[in-house]
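Inside the fold
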Amino acid sequence: MMAAMTSAVSEVEMEEPICLVENHAGQGLAVRQEALQVLANITQPVVVVAITGLYRSGKSYLMNRLAGQRTGFSLGSTVQGQTKGIWMWCVPHPRQPGHTLVLLDTEGLGDVEKPHSYVLTLAEHVKLRKRPEENGAQPPSADGLAVFFPTFVWAVRDFTLQLEADGKEISEDEYLENALKLRGGSSPEAQHYDHLRECIQQFFPQRRCFIFDQPASKRDLPRLEELSDDRMDPEFLQQLEKFCSYIWERSPPKSIPGGCKITGEMLGTLAVTYVDAIQSGAVPCLESAVTALAELHNSAAVREAAALYWELMEQRAELPMETAEGL
């Protein structure tokens, strides 16, 4: 991997993705120092886009196109998943000058060769905030927790159905909302079915859906990243452009409650906080991690302000001052 520093404002452009979080056999999860160094060089606000889903479902291809490239994140043409761990690609944001787009590609769920995914490992160990008995607070509402969650975008590949319901044409977003409707019922199966949908409805108030036709003929699919646009399905290319434009234009800079935008260095701090807590056997708390990050940012701001104050004092004042007017 080569990262080229293009300005003093620390815009980092990586030529290819690198691993951010990996799993060492017998040692557990670890954040790669190489990735942390890249993030440390990014003082711009970051827009983070992460993707997850079943293995061999085209996630890496979409992420490559979001990076403005055809290759980068590893693709594969077999039933074996290609992405291992969480991989990161930082590129200049194509629509938001002064921002860096951080793309995170995760290993696929459901791979029989990896019965326990890193994504599930992280999800199972992270909680949102302290328990009420720890701080005397009431359980948080869905609205209160939604600030920690990104926009939910559902990408449906190889879509062959008609967008209709009850004989009427529906939009992609309406298709998503229909899929999230609750069944009701008291059986374990019904409760499990509804619980997942309730979580998406409550914690992701901003939701979008994009459907994709098959991108090319079955014969050409194994070498999709090599195909020129004229060999691909025109409908798919239009859908792809619509998807990328939405992600580029509507994804906000990552921030913490209060509106402070997160830089690459701060994002690296968050990643280390979560992984270190998991490795120590603790349960990392999202709210506590964000609060600690805000305190770290505030402390750094105070140090910078103090340093600037003394620098200006040395330039403008001669100590000791003998008169009140001098003060």
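Residues numbered from 1 in each chain as written. Predicted model: local features only at pLDDT ≥ 70, side-chain atom pairs only at ≥ 80, totals over all residues. Heavy atoms only, no water.

Consider a sheet: its strands pair through backbone hydrogen bonds, and that pairing is either parallel or antiparallel. Here five strands make up an open sheet; going across it, the order is S4-S3-S6-S7-S5 and the pairing mixed. Of all strands in the sheet, those with a lone pairing partner are strand S4 (28–31) and strand S5 (46–51), marking the two edges. Across the sheet, the mean angle separating the axes of adjacent strands is 20 degrees when strand polarity is ignored. Set on the sheet, helix H1 (residues 33–40) makes contact with strand S3 (18–24), S4 and strand S6 (86–92); between it and S3 the angle comes to about 145 degrees. (Pairing = 2+ DSSP bridges. Helix = DSSP H or I, 4+ residues; strand = E, 2+ residues; numbered from the N terminus. Axes fitted to C-alpha atoms, helices over the stretch in contact; angles between N-to-C directions. Contact = heavy atoms within 4.5 Å.)

Mean pLDDT over the protein works out to 79, with 71% of the residues at or above the 70 mark. For the protein, the element scoring lowest by mean pLDDT is strand S1 (residues 3–5), at 36; helix H8 (residues 234–250) scores highest, at 95. Note on residues 76–82: pLDDT is under 50 here. Beyond four places in sequence and across chains, it has 15 contacts. (pLDDT = per-residue confidence, 0-100.)

Within H1, the full set of buried residues consists of Ala-35, Leu-36, Val-38 and Leu-39. Mapping the buried residues of H1 onto a view down its axis gives an arc of 155 degrees, with all of them on the same face. Buried positions along H1 lie against strand S2 (12–14), S3, S4, S6 and helix H9 (264–279). (Buried < 20%, exposed > 50% of the residue type's maximum accessible area, 1.4 Å probe, protein only. Arc of directions from axis to C-beta.)

Within the largest apolar cluster, 53 residues are counted, with the highest numbers of intra-cluster contacts made by Leu-20, Leu-66, Met-88, Cys-90, Leu-103 and Phe-243. For Leu-20, the contacting residues outside a window of four places in its chain are Ala-30, Val-31, Arg-32, Ala-35, Leu-39, Ile-86, Trp-87, Met-88 and Leu-104. The next biggest cluster of nonpolar side chains, apart from the first, holds nine residues, and it includes Phe-159, Ile-170, Cys-209 and Ile-211. (Core = buried A, V, L, I, M, F, W, Y, C linked by side-chain atoms within 4.5 Å.)

Turning our attention to the packing of aromatic side chains. Per the stated rule, a full pass over the model turns up nine aromatic pairs. Aromatic pair Phe-152 and Phe-204: ring centres 5.4 Å apart, planes at 50 degrees, arrangement tilted. Here the residue Phe-152 occupies a position in strand S8 (residues 152–156), and Phe-204 occupies one in the loop between helix H7 (188–203) and strand S11 (207–211), the gap between them amounting to 52 residues. An angle of 5 degrees between the planes, with centres 5.9 Å apart, marks the rings of Trp-154 and Tyr-175 as stacked. Taken together, the residues span a long stretch of sequence, with Trp-154 in strand S8 and Tyr-175 in helix H6 (residues 172–179) at a distance of 21 residues. Given a relative accessible area of 29%, Trp-154 falls into the partly exposed group. Taken together, the ring pairs connect Tyr-61, Phe-210, Phe-212, Phe-236, Phe-243 and Tyr-246 into an aromatic cluster. (Phe/Tyr/Trp six-rings, centres within 6.5 Å; stacked < 30°, edge-to-face > 60°.)

Glycine aside, a negative phi is what most residues show, and trans is what most peptide bonds show. Backbone geometry at Asp-158 places phi at a positive 50 degrees, although glycine is not the residue there. With respect to the helices and strands, Asp-158 occurs in the loop between S8 and strand S9 (164–165). For Asp-158, a relative accessible area of 30% puts it in the partly exposed group. A positive phi angle, close to 55 degrees, is found at Asp-166, a residue other than glycine. Here Asp-166 is to be found in the loop between S9 and strand S10 (168–169).

A rise of 1.5 Å per residue sets the reference length of H9, with its 16 residues, at 22 Å; its end C-alpha atoms lie 23 Å apart and thus fit the reference within 8%. Taken as a whole, H9 has its buried residues at Gly-264, Met-266, Leu-267, Gly-268, Leu-270, Ala-271, Tyr-274, Val-275, Ala-277 and Ile-278. Phi turns positive one or two residues past the end of H9, at Gly-281, with a value near 90 degrees. (Expected span 1.5 Å × (residues − 1).)

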